[in-house]
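# Chains, contacts and geometry: an overview
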Amino acid sequence: QVQLVESGGGLVHPGGSLKLSCAASGITLDDYAIGWFRQAPGKERERVSCISGSIVYADSVLGRFTISRDNARDSVFLQMNSLKTEDAAVYYCAAGRGGTTTDLYTYWGQGTQVTVSS
């Protein structure tokens, strides 16, 4: 069974921080590009970051979010700092070929909720 499991979501105030984790079983994440996506109610799912041989960030999170991986633990992380209300969404990790669109990723986690509210 291939499984990606996100964790680390929760409720924070604007300006706060969260660290999301994506843990894999059944695959080795180092064999794939790993993307972090988010989806807010009524909006399209959008990629916020991706790590492969390189690292990319969406303009909206650049300078605030940091993606990293720990191959020994078969995990990928997303450190989110200076959170804004517009960052609130369900966050997903995905493994695949990499790119900006969801069709380029094969495996998906079920998501973790990030709420940013005063």
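Here is a short report on the structure shown in this document. (Residues numbered from 1 in each chain as written. Predicted model: local features only at pLDDT ≥ 70, side-chain atom pairs only at ≥ 80, totals over all residues. Heavy atoms only, no water.)

Of the regular secondary structure elements, the protein holds zero helices and eleven strands. When the helices and strands of the protein are read in sequence order from the N terminus, they spell out β-β-β-β-β-β-β-β-β-β-β. Here the protein has a C-alpha radius of gyration of 13 Å; the compact-globule value for 118 residues is 13 Å, and the two agree. Dimensions along the principal axes, computed over C-alpha positions, put the protein at roughly 40 × 25 × 25 Å. Taking all 118 residues of the protein together, the buried fraction comes to 42%. Of all intrachain contacts in the protein linking residues separated by at least 6 positions in sequence, the fraction that spans at least 24 positions is 56%. (Helix = DSSP H or I, 4+ residues; strand = E, 2+ residues; numbered from the N terminus. Rg over C-alpha atoms; globule rule 2.2 N^0.38 Å. Buried < 20%, exposed > 50% of the residue type's maximum accessible area, 1.4 Å probe, protein only. Contact = heavy atoms within 4.5 Å.)

So, on to the environment of S75. Locating S75 in the fold gives a position in strand 8 (residues 75-80). Spatially, the C-alpha atom of S75 lies 12 Å from that of W36, the residues being 39 residues apart in sequence. Looking at S75, its side chain comes within polar contact range of the main-chain oxygen of R73, at 3.0 Å. (Polar contact = N/O pair within 3.5 Å; in protein donor to acceptor, adjacent residues only side chain to side chain.)

Positionally, Q113 belongs in strand 11 (residues 112-116). If sequence neighbours within four positions are ignored, Q113 has contacts with G9, G10, A89 and V90. Side-chain polar atoms of Q113 contact the backbone oxygen of A89, separated by 3.4 Å.

Attention now moves to the nonpolar core. Core analysis: the largest hydrophobic core is formed by 27 residues, its most contacted members being L4, L29, W36, L78, M80 and Y91. If you list the elements that add at least two residues to this core, you get strand 3 (18-25), strand 4 (33-39), strand 5 (46-51), strand 7 (65-70), strand 8, strand 9 (89-96) and strand 11. The contact partners of L4, leaving out residues within four places of it in the chain, are C22, A23, A24, I27, L29, C93, A94, A95, Y107, W108, G109 and Q110. (Core = buried A, V, L, I, M, F, W, Y, C linked by side-chain atoms within 4.5 Å.)

Read across the sheet, four strands follow the order 1-3-8-7 without closing on themselves; strand pairing throughout is antiparallel. The open sheet has two edge strands, strand 1 (3-7) and strand 7, and neither has a second partner. For this sheet the average axis-to-axis angle between neighbouring strands, irrespective of direction, equals 15 degrees. Direction of pairing for strand 1 relative to strand 3: antiparallel, over a ladder of five bridges. Residue L4 lies in a different strand from strand 3, and its bridge partner there is A24. (Pairing = 2+ DSSP bridges. Axes fitted to C-alpha atoms, helices over the stretch in contact; angles between N-to-C directions.)

So, about the pattern of salt bridges. Applying the stated criterion across every chain yields a total of four salt bridges. Between R38 and E46 there is a salt bridge, with the nearest N and O atoms lying 2.9 Å from each other. Two residues, D87 and R64, come together in a salt bridge whose shortest N-O distance is 2.7 Å. On the criterion of sequence distance, the pair formed by D87 in the loop between strand 8 and strand 9 and R64 in the loop between strand 6 (55-57) and strand 7 is long-range, its members being 23 residues apart. Residue class for D87 comes out buried when judged on its relative accessible area of 0%. Shared partners join several salt bridges into a network, and the residues in it are R38, E46, R64 and D87. (Salt bridge = Lys/Arg side-chain N within 4 Å of Asp/Glu carboxyl O.)

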